[in-house]
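Results of the structural survey
Chain by chain, the residues:
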Amino acid sequence: MNLKTGLFQSEKKQDRIYYEDQHAIELISNHINEHLPKLTIKPIVIVCIGTDRSTGDCLGPLIGYNIQQELSHFHVYGTLKDPVHAVNLKETLEFIKDKHKNPFIIAIDACLGRLSSVGFVQVAEGSIKPGAGVNKDLPAVGNMHITGIVNVSGFMEFFVLQNTRLHLVMSMAEVISKGLIEAEKRYVEKRRTIQDSLFTEQNSIIN
């Protein structure tokens with residue numbers, strides 16, 4: 001869980017979408033694809049960070065649970081059954097590094113921020129620092145990140161997370177999940193188009 005937007009590692013422009021926006025799913029999908037690598041041979045790994053023991057911090061595991069059976073090409077780590085959290089984050093990142101050759105990692109986490117920002121989803125380049133909101137020193141994660149601002153920062157963050165509304169977290173998780181599923185469809189379609197183009201070009205050279 002991140003404390004606020006100021007703790008993001010990337011200072012580049014962030015795309016913010018309110019989860020109740022009627023175009024939220026499409027916008028999230030678009031922004032994800034804008035940040036994905038141009039080289040479509042890279043494995044895409046999604047790391048959903050958080051724990052099901054805290055309402056506010058279960059955004060990541062909920063998303064992982066939603067998408068694990070829906071995605072055919074992106075690899076998912078962090079679900080309700082097998083969460084990725086402070087205890088096993090380093091171990092999980094080492095496993096991903098060994099299993100996937102030069103992966104592009106999408107980090108997903110809950111975030112605390114200003115009252116006016118609660119309910120917003122942020123998509124941006126660069127890594128995040130999980131656990132920063134509760135003073136835990138964990139490694140930075142992600143070539144890009146998606147965060148959902150689930151509550152207000154500034155006072156007794158751990159208590160705030162525990163008392164975050166489940167309805168908000170589940171609703172945001174659903175929207176982000178659908179955005180990821182749609183993003184993968186578009187990315188796979190783009191990959192196939194490139195492959196078909198290369199195949200056609202090779203055939204024309206041969207003939």
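The rules behind the values
Residues numbered from 1 in each chain as written. Predicted model: local features only at pLDDT ≥ 70, side-chain atom pairs only at ≥ 80, totals over all residues. Heavy atoms only, no water. Helix = DSSP H or I, 4+ residues; strand = E, 2+ residues; numbered from the N terminus. Buried < 20%, exposed > 50% of the residue type's maximum accessible area, 1.4 Å probe, protein only. Contact = heavy atoms within 4.5 Å. Areas by Shrake-Rupley, 256 points an atom, 1.4 Å probe, with all protein chains shown as cover. Patch = residues over 30% accessible without salt bridge, like charges linked within 9 Å, V, L, I, M, F, W, Y side chains within 5 Å. Salt bridge = Lys/Arg side-chain N within 4 Å of Asp/Glu carboxyl O. Pairing = 2+ DSSP bridges. Phe/Tyr/Trp six-rings, centres within 6.5 Å; stacked < 30°, edge-to-face > 60°. Lys NZ or Arg CZ within 6 Å of the ring centre and 35° of its normal. Arc of directions from axis to C-beta.

Before going further, it helps to examine the overall build of the protein. Check the secondary structure of the protein and you find five helices and six strands. Each helix and strand of the protein, ordered N terminal to C terminal, gives the series β-α-β-α-β-α-β-β-β-α-α. Residue burial in the protein is summarised as follows: out of 207 residues, 51% are buried. Contacts spanning at least 24 positions in sequence make up 76% of the contacts within the protein whose residues lie at least 6 apart. Split by element, the accessible area of the protein, about 11100 Å² in all, is 51% carbon and sulfur.

Further remarks concern a nonpolar patch on the surface. Together, Phe155, Met156 and Phe159 give the surface a local cluster of nonpolar side chains, amounting to about 360 Å² of exposed area. Here phenylalanine 159 lies in helix H4 (residues 157-162).

A few words now on the pairing of strand S4 (residues 104-113). Within S4, ten of the ten residues are buried, leaving the element largely enclosed by the surrounding structure. Going residue by residue along S4, you find Phe104, Ile106, Ile108, Ala110 and Leu112 tucked away on one face and Ile105, Ala107, Asp109, Cys111 and Gly113 tucked away on the opposite face as well. Where S4 and strand S6 (residues 144-152) come together, eight bridges link them in parallel fashion. Paired with glycine 113 across the strands is valine 152, a residue of S6.

So, about unusual backbone geometry. Positive phi, close to 50°, is recorded for asparagine 102, a residue that is not glycine. Among the secondary structure elements, asparagine 102 is positioned in the loop between helix H3 (89-99) and S4.

Below, the discussion takes up the packing of aromatic side chains. Counting across every chain of the model gives four aromatic pairs. Their ring planes at 70° and their centres at 6.2 Å tell us that tyrosine 77 and phenylalanine 95 sit as a pair that is edge-to-face. With tyrosine 77 in strand S3 (residues 75-77) and phenylalanine 95 in helix H3, this pair connects stretches of sequence that are 18 residues apart. On the accessibility criterion, phenylalanine 95 (46% relative accessible area) is partly exposed. In textbook terms, an aromatic cluster arises when at least three aromatic residues are bridged by ring pairs, as seen for Tyr18, Tyr19 and Phe120. One cation-aromatic arrangement involves arginine 16 over phenylalanine 120; the distance from NZ or CZ to the ring centre is 4.4 Å.

So, about the pattern of salt bridges. Enumeration over the complete set of coordinates arrives at two salt bridges. A salt bridge links glutamate 174 to lysine 178; its shortest N-O distance comes to 3.1 Å. Residue glutamate 174 and its partner lysine 178 are located together in helix H5 (residues 166-206), separated by four residues, close to a single helical turn. When the shortest N-O distance is used, the salt bridge between glutamate 182 and arginine 186 registers 3.3 Å. In this pair, glutamate 182 and arginine 186 both sit in helix H5, four residues apart, roughly one turn of the helix.

It is worth spelling out H3 at this point. When we look at burial in H3, the residues that qualify are Leu89, Thr92, Leu93 and Ile96. With its buried residues spanning 100° around the axis, H3 presents them on a single face. Along H3, exposed side chains directed more than 90 degrees from the buried face belong to Lys90, Glu91, Glu94 and Asp98. Contacts from the buried residues of H3 go to strand S2 (44-48), S3 and S4.

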